[in-house]
Amino acid sequence: MDEDLVFSKAFAVSMRPSKIIPYYFKASGPFGQNEVTVTSIITSDRLDVFTRLVEKYKGPMSVTFHVKNITGDVPRTLERLRTIYTSTELMSRFVDVHLVIDSFDRQFNTWRNIARLFARTDYILMLDVDFYLCTDFRTALQKNPWIMRQLATGQAAVVIPAFEYTNFEEGKDYSKFPTTKAELLKLVRRGKVNVFHWGWKPGHNSTDYPRFYSASPDEVYLVTGYQSAYEPYVIFKKNGPPWCEERFVGYGGNKAACLFEMYLSGVEYYVLADHFLIHQNHLYEETARRSERKYNRKIYSGFKEEVCFRSVRPESPFLVVFDTVRDTSFLAGTIVWAHDDVKALLGSIADVVYDDAPNRKAFLAEFKSGGKYDGTIGIYRENESAKKLGVFDKELIDGLPSSVKWIAHNGAGYDPVDVRACIAKGIYLSNTPGAVDDATATTALYLLVSTLRQYSLAERSLRSLKWKPAGINTHAHDVTGRTLGILGLGGIGLRLAELVQSFPMRVIYHSRNRNPKAPSYCEYFEDVEEMLAQTDVLSVHVPLRPDTVGLVGEKWIRALKPGSIIINTARGKVIDEAALIRALEDGHLAAAGLDVYPNEPEVNSRLLEFPQVTLLPHMGTENQDSQRKMEVRALSNLRDFLTTGRGRDLVQEYSQQHKAAVVPPKVISKL
């Protein structure tokens, strides 16, 4: 069959006529199938940066070279290309060049598809030629079998974060670009380097740059905040994901449309947190860019709707939520405050089915073919449901049908749900972190003030008509000027740090990584024991996971200053309760403020023997304002999943599951 005829069909949406010549120059290779081929598009004015890219990458490349068919120009341009191609052994060894000869400028997506079509390895990096490769991501990928398995499915893409210099002239000198993440972060902090296209945040912010800045060595994390303008530089499997839409001509939306369709097809985006690219600054054709963007915005508006219809699955989405149902003497899992929000968030996109199963066996039976919950895609869960169903352990998760893809847990702590079982089953789990921050932080603040000033003891004395306890002033202290140590500076810890500034207190903290959102008054300690030695009040804000059970144990408690105080509003099991009681007995701890316990609702009777200890019955979020926020946030995760394929509060284990296949970095604590 005539080659031109085949290409005219393959690229029928593109502007025609065009002459396509694959492998005008063909590299000698050989290439391993697991290699990553850089695919790019070049024009005659970008041959210098193209040469630089070849010299830096030293690996397989498939590039589309556009030649404008102006009489006399074609031979001169091709001769220049030949001169460059034959000037270095790296070109002839690694680079395949495919020609497009026509009169149409900037058919970027067509040119991308040509470079991808003729790539000779299983994986490609879709890259603009102006980017400088600062780090060796190829070696990192080959050493990470988990991420290579994800890429092999054709349902994953790896993002290499992109940056640019804020000073145009500095961004032209590639020889001074950073080559390690540590060097990059120094430039970011000094304002020398920013996110690529930092003036157009939707283009790259879904990469979650604060997460990138604070990520651990070797970390790979999932993009959870995808939106349709996102246009990162990605590695993916050549055969599988959709091809770039060729109706887009020129600047604006062309690459974003390509990646958006990939995302809706089921491709997940993972960020390599040790690696980055930097743009080599150059002048753009601004007049052409403005008109082309206007044209492409119109196309993209209709394209998004079209591609959503193409990606729609045949099954109708169902959700199971737990509604207010009285069963003898207790409430089943409930939607208490957000009934109207259920309708507003989900009514138009899902059939909402309310659970009325009396026990676990009946609940699981309703998921079988013909059952009430048959075809369910998402589940809303909150802690009261455990009274009927128990926790969402491996047995319950394994009993759910394959149709269930998302569990929206109502709560910041999600230890009642077996995350590993969810991951193994292919079910995503979200929580409600931001919704609980203020309520939990104010609970911690109450416990802090009560224990330092001994208000709880004073109130109990007054209620027993004894006025002030004798000698209470010898155990009480001012809050102002004391040092608060925060173990785990997430949303709750940050809010508590903000609240205590009204006294003020000195705030120090330890987390797995320095929090980029921490204000200047929060001092970071990499060594947890060094922090504990300076702490007057330790407030614990870490999630309960297998590796955090008993995290605050004998060693860390004894590392605290004598006469210090421990506050816990996280989970009871993160503190070794026996070690805590011993420290209260011998006076190493002056007091404790507890809102959570290892075996709730049971409370160790020994704790009741210490008058200086303030105890609350898990009151952290026990108010209608916070509980409504939590319900709405959990329901919003379901809404976002059904409409975009991803909720915003996916729990962190999903971005860390690959680490079992990676040699872990050196750590100082389990946090």
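The model shown is predicted, which means the values in this text are computed figures rather than measured ones.

Turning to the overall build of the chain, a few remarks are in order. In terms of regular secondary structure, the chain is built from 24 helices and 27 strands. For the chain, the C-alpha atoms occupy an extent of roughly 105 × 60 × 45 Å along the three principal directions. Burial analysis of the chain (671 residues in total) assigns 54% to the buried set. Nonlocal contacts in the chain, meaning residues at least 24 apart in sequence, comprise 76% of its contacts between residues at least 6 apart. Accessible surface, the chain: about 29800 Å² in total, of which carbon and sulfur atoms supply 53%. Side chains of the chain give 83 positive and 80 negative charges; the mean places of these two sets differ by 2 Å.

We now examine empty space enclosed by the protein. Within the structure shown, the criterion is met by 3 cavities of 30 Å³ or more. Each pocket or cavity is described by its volume, and for the largest cavity that value is around 60 Å³. Lining the largest cavity we find Asn568, Gly572, Ile575, Asp576, Glu577, Leu580, Leu594, Val596, Tyr597, Pro598 and Leu607. Here the residues of the lining of the largest cavity are counted per class, giving 7 nonpolar, 2 polar and 2 charged.

Time to look at the pairing of strand 5 (residues 123-126). Taking every second residue as pointing to the same face, both faces of strand 5 are buried, with Tyr123 and Leu125 on one and Ile124 and Met126 on the other. Inspection of the sheet shows strand 5 paired to strand 11 (residues 233-237) by 4 bridges, in the antiparallel sense. Note that in strand 11 the partner of Leu125 across the bridge is Ile235.

A separate point is helix 23 (residues 624-644). With 21 residues, helix 23 extends 29 Å from end C-alpha to end C-alpha; this agrees with the ideal 30 Å at 1.5 Å per step. Here helix 23 starts with a cap whose side-chain oxygen sits 3.1 Å from the backbone nitrogen of Asp625, and that cap is Asn623.

The next subject is the confidence of the model for the chain. With 91% of its residues at a pLDDT of 70 or more, the chain has an overall mean of 86. Per-residue pLDDT stays below 50 along residues 658-671; that stretch engages in 30 contacts with residues further than four places along the chain or on separate chains.

It is worth spelling out the sheet that holds strand 22 (residues 506-510) at this point. Pairing is parallel in the open sheet, where 7 strands are placed in the order 23-22-21-24-25-26-27. The outermost strands of the open sheet, each flanked by one partner alone, are strand 23 (522-524) and strand 27 (614-615). Relative to strand 24 (residues 537-540), strand 21 (residues 483-487) is paired through 4 bridges, and the arrangement is parallel. Residue pairing across strands places Gly485 opposite Leu538, the latter belonging to strand 24. This element, helix 17 (residues 437-453), spans strand 21, strand 24, strand 25 (564-568), strand 26 (589-594) and strand 27 of the sheet and lies at about 155 degrees to strand 25. The sheet contacts of helix 22 (residues 577-585) involve strand 25 and strand 26, and relative to strand 26 the element is tilted by about 140 degrees.

It is worth spelling out the pairing of strand 3 (residues 61-68) at this point. The buried fraction of strand 3 is high, at 7 of 8 residues. The sheet contact formed by strand 2 (residues 36-42) and strand 3 spans 5 bridges and is parallel. Across the sheet, residue Thr39 finds its bridge partner in strand 3, namely Ser62. Handedness of the β-α-β unit built from strand 2, helix 2 (residues 47-57) and strand 3 comes out right-handed. As paired elements, strand 3 and strand 4 (residues 95-102) share 8 bridges and run parallel to each other. Bridging across to strand 4, Ser62 finds its partner in Asp96.

In terms of nonpolar packing, the biggest core is built from 91 residues, with Phe50, Val95 and Leu400 touching the most fellow members. The element best represented in this core is helix 2, accounting for 6 residues. The contact partners of Phe50, leaving out residues within four places of it in the chain, are Ile42, Met61, Val63, Met91, Val95 and Val129. Of all hydrophobic cores here, the second largest spans 44 residues; its members include Ile124, Val188, Val195 and Ala257.

Inspection of the secondary structure assignment puts Arg360 in helix 13 (residues 360-365). Residue classification places Arg360 among the buried positions, given a relative accessible area of 16%. At 2.9 Å, the side chain of Arg360 forms a polar contact with the backbone oxygen of Leu389. Engagement of the side chain of Arg360 in a polar contact is seen with the side chain of Glu395, the distance being 2.6 Å. Once residues within four sequence positions are removed from consideration, Arg360 is found in contact with Lys388, Leu389, Gly390, Val391, Asp393, Glu395 and Leu396.

This paragraph deals with unusual backbone geometry. The omega torsion across Gly29 and Pro30 is -5 degrees, close enough to zero to call that bond cis. Take Pro30: it is sitting in the loop between strand 1 (19-25) and strand 2. Cis geometry marks the peptide bond from Glu600 to Pro601, where omega comes out at 5 degrees. If you trace the backbone, Pro601 turns up in the loop between strand 26 and strand 27. Although it is not a glycine, Gln454 sits at a positive phi angle of roughly 60 degrees. Here Gln454 is to be found in the loop between helix 17 and helix 18 (455-463). Within the chain, His618 stands out as a residue other than glycine whose phi angle is a positive 50 degrees. Looking at where His618 falls in the secondary structure, it is placed in the loop between strand 27 and helix 23.

Under the criterion given, the structure shown has 30 salt bridges. Between Asp438 and Arg495 there is a salt bridge, with its nearest N and O atoms 2.6 Å apart. In this pair, Asp438 is assigned in helix 17 and Arg495 in helix 19 (residues 491-499), connecting sequence segments 57 residues apart. Residue Asp438 is classed as partly exposed on the basis of its relative accessible area, which comes to 33%. Between Arg639 and Asp640 there is a salt bridge, with its nearest N and O atoms 2.6 Å apart. By relative accessible area, Asp640 is classed as buried at 18%. Overlapping salt bridges bring together Glu554, Arg558, Arg582 and Asp586 as one network.

This paragraph deals with the state of the cysteines. Enumeration over the complete set of coordinates arrives at 1 disulfide. A disulfide bridge connects Cys244 with Cys258, and the sulfur atoms are separated by 2.3 Å. With the S-S dihedral at roughly -65 degrees, the linkage between Cys244 and Cys258 falls on the left-handed side. Residue Cys244 is found in the loop between strand 11 and helix 10 (254-264), and its partner Cys258 is found in helix 10; the two are separated by 14 residues along the sequence. For the pair Cys244 and Cys258, a shared accessibility class is recorded, and that class is buried.

Conventions we followed
- Here, residues in each chain are numbered from 1, in the same order as that chain's written sequence.
- Local features are withheld for residues below a pLDDT of 70 in this predicted model, meaning they are given only at 70 or higher, and side-chain atom pairs are given and counted only at 80 or more; totals for whole chains, interfaces and linings count all residues.
- Only hydrogens and water are removed before side-chain values are computed, so all heavy atoms of the structure are retained for them.
- The helix count covers DSSP runs of H or I at least four residues long, the strand count covers runs of E at least two residues long, and both are numbered beginning at the N terminus.
- For the exposure calls, accessible area comes from a 1.4 Å probe over protein chains only, and a residue counts as buried if that area is under 20% of its type's maximum, exposed if over 50%, partly exposed in between.
- When checking whether two residues touch, look at their non-hydrogen atoms; a contact exists if any pair is within 4.5 Å.
- Using a 1.4 Å probe, accessible areas were evaluated by the Shrake-Rupley method; residue-level cover was limited to the displayed protein chains.
- Positive charge is attributed to Lys and Arg, negative charge to Asp and Glu, and no charge count is given to His or to the chain ends.
- Here the site of a charge means atom NZ of a Lys, CZ of an Arg, CG of an Asp or CD of a Glu.
- A cavity, in this analysis, means grid points on a 1 Å lattice covering only the protein atoms where a 1.4 Å probe fits yet has no way out; a pocket is instead an open set bounded by protein on both sides within 12 Å along at least five of seven lines, and a residue lines either one if it has an atom within 4 Å of a point.
- Grid points are joined across faces, edges and corners, and a volume is the space filled by probe spheres set on the points.
- Residues were grouped as follows: Ala, Val, Leu, Ile, Met, Phe, Trp, Tyr, Cys and Pro as nonpolar; Asp, Glu, Lys and Arg as charged; and all remaining residues, including Gly, as polar.
- DSSP calls a pair of strands paired once it identifies at least 2 bridges connecting them.
- One less than the residue count of a helix, multiplied by 1.5 Å, gives the span that helix is expected to have.
- Whenever two N or O atoms come within 3.5 Å, that pair is a polar contact, provided that in protein one can donate a hydrogen and the other can accept it, and provided that, for residues adjacent in sequence, both atoms are side-chain atoms.
- Values of pLDDT, the confidence the predictor places in each residue, fall between 0 and 100.
- Here an axis means a line fitted to C-alpha atoms, over the contact stretch when the element is a helix, while the angle between two N-to-C directions is reported on a 0 to 180 degree scale.
- Handedness rule for crossovers: strands pointing away from the viewer, path from the first strand over the helix to the second running clockwise, crossover right-handed.
- By nonpolar core is meant a set of buried Ala, Val, Leu, Ile, Met, Phe, Trp, Tyr and Cys residues that side-chain atoms within 4.5 Å join together.
- A side-chain nitrogen of Lys or Arg and a carboxyl oxygen of Asp or Glu constitute a salt bridge if their distance falls within 4 Å.
- Counting rule for disulfides: a pair of cysteine sulfur atoms within 2.5 Å.

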